[in-house]
Amino acid sequence: MLWAAAAAAVLLPTATAAARPDAALPQKHGRVDLRRQANVTIVGAKDLDFAGRSSADAGDVNGDGIDDVIVGAHGVDGPGRPDAGAAYVVFGRRTTAQVRRASLTARGFRILGPAAHSSLGISVAPAGDVDGDGLGDVIIGRSSSAPPGAGWDDGAAWIVYGKRDGAPVDLATPGPAATKLSGPPTFGTMVAGGRDVDGDGRPDVVVSAPGSIPAAVAGVAPGAYVIRGSAERTAIDVRAAGDRVITLHAPEYVNALALTTDMNGDGRAEVALGVETDLDAARMTHATSSTLARVVYGRPAPATVELGDDLGHDGFVVRAPDGAYGLPDRGLAAGGDVNGDGRGDLVVSQVDAVHVVFGGPLTGTVDVGGSTELTIAARPNHGFGHGVAIVGDVNGDGLDDVLAGDPAARALGRPVAGRAYLMFGRRQPGRVGVARLGPRLGFWLAGAHRWDATGYDVAPAGDFNGDGRADLLLAGQSADSANDARGVAYIVYGFGPRG
């Protein structure tokens, strides 16, 4: 295992954190080269593992007081289970000591998919402390599949409960370590969690069933399901779950999912669903705008909400102006307070701009691209904004920051190495070009190798190294120029005054 002066390269399932004096962190000076300057590098164990294609902060899963991360690797093979998929919980740490494979049981654990071609890890998210035992839990989705000559199988996601040891979890026989959530085909493609939607004081999880394009699969209706947190570790089918579920029916394919901090001041989290837009059809019909997302306000369970172009008092619709690019996959994020007004904010992206919609008692339609939100702008390149996140207060100014990926970009002479841009939170609306993101406004991160496509997925990392500052997490295609799709996830530390 090779070491660089500023970073530790790690083969999953291992991870190492390398500490540096705060003043020496390159993120303080406007640019981070992930080849040499990432603080933690987590690399897929073999070709086509796709590690990091979905990744997230996990909360404190093992109860040691330090935040952990979860890294999906949906291409992992299990014993007799090709493409079973897996997810790795990597424990945060204050130490700078190298961690080898043999020490994994002290540094994290693997969660293995239940069957061949289940592609577990296609989506991962923190679940919060769902069962109330004081440990952070995670939620992991799988991909529905349609074998030749067979119908689509039911979708599924699993809540995997926090634990203090590093023993692996096999979802073929999980016992009390996990709860299976079942639903219609495509259920489990996207997951979110860790916030209280129904107002009962316990965090809930949300699982989407995006639908299909074309919509030719009987029984596949687009939408999402909010499942109430509970101490009961019993399997749930959302189609027959009684008072445990809030059902959201969407009128079109859902391509992104986010769970926001309270936006309207009622003490409940909100659910945001991204919309797959047929831009050519919109232009042919002379549509004046395209829908990017629908936000549904939290409410008690059970409930069913039909989502349309006017949500009334149930929420609001986010639209882009005529001719604008629609929402890319992973182009929706929520969670923090970017402008410091005490309400949660929402991030929606287009291919040439990322918009922060400030929280408030919003109803009707919110049109982005104007003067009422914060916008990060780039030249149209069909890649910027593919992944977005609110990552916490990275620079210690009291405002949460926004991270936006640009996986198709060239960086430091490396074709398709990818970039990501971190914009510090701001109290006022306005428009900021990515070229202006120097040390005062933010910084940018360069993918480590050509074809790395860094920024495909971006996420908060919580406080991974336990220094009281928010850290950030971003993923790429490969850890070297071989373009082998092992996958890689990078953690970059926050700096400035401690939170």
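Predicted model only: the values in this text are computed from it and were never measured. (Residues numbered from 1 in each chain as written. Predicted model: local features only at pLDDT ≥ 70, side-chain atom pairs only at ≥ 80, totals over all residues. Heavy atoms only, no water.)

S.K.: In this structure, what is going on with the overall build of the protein? I would like to understand it.
M.R.: When its secondary structure is counted, the protein shows two helices and 35 strands. Here the protein holds 499 residues, and 60% of them are scored as buried. The long-range fraction of contacts in the protein, counting pairs at least 24 apart against all pairs at least 6 apart in sequence, stands at 62%. For the protein, the accessible area works out to roughly 17,800 Å², and carbon and sulfur atoms hold 51% of it. (Helix = DSSP H or I, 4+ residues; strand = E, 2+ residues; numbered from the N terminus. Buried < 20%, exposed > 50% of the residue type's maximum accessible area, 1.4 Å probe, protein only. Contact = heavy atoms within 4.5 Å. Areas by Shrake-Rupley, 256 points an atom, 1.4 Å probe, with all protein chains shown as cover.)

S.K.: Explanation requested: the pattern of salt bridges in the structure shown.
M.R.: Where charged atoms from two side chains of opposite charge come close, those side chains can pair. Counted according to the given criterion, the structure contains 20 salt bridges. In this structure, the salt-bridge partner of R414 is D33, at a minimum N-O distance of 2.9 Å. Remark: D33 occurs in strand 2 (residues 31-33) and R414 occurs in the loop between strand 29 (401-406) and strand 30 (419-423); sequence separation between them is 381 residues. Here the two residues R414 and D33 agree in accessibility, since each one is buried. For D154, the salt bridge goes to R239, with nearest N and O atoms at 2.8 Å. Highlighted residues: D154 in the loop between strand 9 (137-141) and strand 10 (155-160) and R239 in the loop between strand 16 (236-237) and strand 17 (245-249), separated in sequence by 85 residues. (Salt bridge = Lys/Arg side-chain N within 4 Å of Asp/Glu carboxyl O.)

S.K.: Help me out: how do you make sense of the sheet that holds strand 4 (residues 51-59) in this one?
M.R.: Strand pairing in a sheet is mediated by backbone hydrogen bonds. Such pairs are either parallel or antiparallel. One open sheet holds the five strands; their spatial order is 4-5-6-7-11, and the pairing between them is mixed. Single-partner strands in this sheet number two, and they are strand 4 and strand 11 (169-170). Relative to strand 5 (residues 68-73), strand 4 is paired through five bridges, and the arrangement is antiparallel. Pairing of D57 across the sheet is with V69, part of strand 5. (Pairing = 2+ DSSP bridges.)

S.K.: Honestly, the packing of aromatic side chains in this entry has me stumped. Any pointers?
M.R.: Here a ring pair, both rings aromatic, is described through the centre-centre distance and the interplanar angle of the planes. Counting across every chain of the model gives seven aromatic pairs. Arranged with centres 6.0 Å apart and planes meeting at 65°, the rings of F91 and F109 form a pair that is edge-to-face. Linking F91 in the loop between strand 6 (86-90) and strand 7 (108-112) with F109 in strand 7, this pair joins segments that are 18 residues apart in sequence. The exposure class assigned to F109 is buried, which follows from its relative accessible area of 1%. For the ring pair F187 and Y225, a centre distance of 5.8 Å and an interplane angle of 70° mean the geometry is edge-to-face. One end of the pair, F187, is in the loop between strand 12 (178-183) and strand 13 (190-195); the other, Y225, is in strand 15 (residues 223-227), and 38 residues separate them in sequence. In this structure an aromatic cluster arises from ring pairing among F424, F443 and F495. Over the ring of Y161 we find R233, and its NZ or CZ is 3.9 Å from the ring centre. Positioned above the aromatic ring of W444 is the side chain of R419, whose terminal nitrogen or guanidinium carbon lies 4.0 Å from the ring centre. (Phe/Tyr/Trp six-rings, centres within 6.5 Å; stacked < 30°, edge-to-face > 60°. Lys NZ or Arg CZ within 6 Å of the ring centre and 35° of its normal.)

S.K.: Just to check I follow, could you spell out the nonpolar core for this structure?
M.R.: Soluble globular proteins tend to pack their nonpolar side chains together in the buried interior. V347, V354, V356, I376, F384 and V402 are the most contacted members of the largest nonpolar core, which totals 24 residues. Counting residues per element, the ones that place at least two in this core are strand 25 (353-357), strand 27 (374-377), strand 28 (388-392), strand 29, strand 30 and strand 32 (442-446). (Core = buried A, V, L, I, M, F, W, Y, C linked by side-chain atoms within 4.5 Å.)

S.K.: Mind showing me how you'd approach unusual backbone geometry here?
M.R.: Across residues other than glycine, the phi torsion is negative in most instances, and most of the peptide bonds are trans. At the junction of A301 and P302, the peptide bond is cis and its omega measures out at 0° in the coordinates. By the element assignment, P302 lies in the loop between strand 20 (289-296) and strand 21 (303-306). At D83, a position not held by glycine, the phi torsion is positive, near 55°. Exposure remark for D83: the relative accessible area of 33% places this residue in the partly exposed category. The phi dihedral of H117 is positive, around 65°, even though this residue is not glycine. By the secondary structure assignment, H117 is in the loop between strand 7 and strand 8 (123-128). Judged by relative accessible area, H117 falls into the partly exposed class, the value being 43%.

S.K.: Honestly, the pairing of strand 18 (residues 254-260) in this entry has me stumped. Any pointers?
M.R.: It is a general feature of regular strands that their side chains alternate between the two faces of the sheet. Along strand 18, seven of the seven residues are buried, which leaves the element largely enclosed by surrounding structure. Relative to strand 19 (residues 270-275), strand 18 runs antiparallel, the two being bridged by six bridges. Paired with A258 across the two strands is A272, which belongs to strand 19.

S.K.: Can you help me understand the side chain of R414 in this one?
M.R.: The exposure class of R414 is buried, given its relative accessible area of 9%. Here G447 takes part through its backbone oxygen, which lies 2.8 Å from a polar atom of the side chain of R414. Leaving out residues up to four positions away in the same chain, R414 has contacts with D33, R35, R36, A409, G447, A448, H449 and R450. (Polar contact = N/O pair within 3.5 Å; in protein donor to acceptor, adjacent residues only side chain to side chain.)

S.K.: Would you mind showing me how to read the pairing of strand 32 here?
M.R.: Here strand 32 lies mainly inside the structure; five of its five residues are buried. Note: strand 2 against strand 32, three bridges, orientation parallel. Its bridge partner being in strand 32, D33 is matched across the sheet by A446. Summarising the sheet, strand 30 and strand 32 pair through five bridges and their orientation is antiparallel. By the bridge assignment, A420 is partnered in strand 32 with L445.

S.K.: Please explain the environment of Q350 as it appears in this structure.
M.R.: Within the fold, Q350 resides in the loop between strand 24 (346-349) and strand 25. Along the chain, Q350 and H386 lie 36 residues apart, while their C-alpha atoms are 8.0 Å from each other. Here H355 takes part through its side chain, which lies 2.6 Å from a polar atom of the side chain of Q350.

S.K.: Honestly, the confidence of the model for the protein in this entry has me stumped. Any pointers?
M.R.: Detailed reading of the predicted model is not advised wherever pLDDT is low. Of all residues in the protein, 83% have pLDDT values of 70 or greater, and the mean over the chain is 85. Considering only residues more than four positions removed or in separate chains, one finds that residues 13-19, a stretch of pLDDT under 50, has 35 contacts. For residues 146-150, every residue scores under 50 in pLDDT, and the model assigns this stretch two contacts once sequence neighbours within four places are set aside. (pLDDT = per-residue confidence, 0-100.)

S.K.: In this structure, what is going on with the environment of A333? I would like to understand it.
M.R.: Structurally, A333 is set in strand 23 (residues 332-334). Taking the relative accessible area as the measure of exposure, A333 reaches 8% and is therefore buried. Here the alpha-carbon distance between A333 and L403, two residues 70 residues apart in the chain, equals 9.8 Å. Those residues within four positions of A333 in sequence are excluded, and the remaining contacts are A258, L346, V347, V388, A389 and I390.

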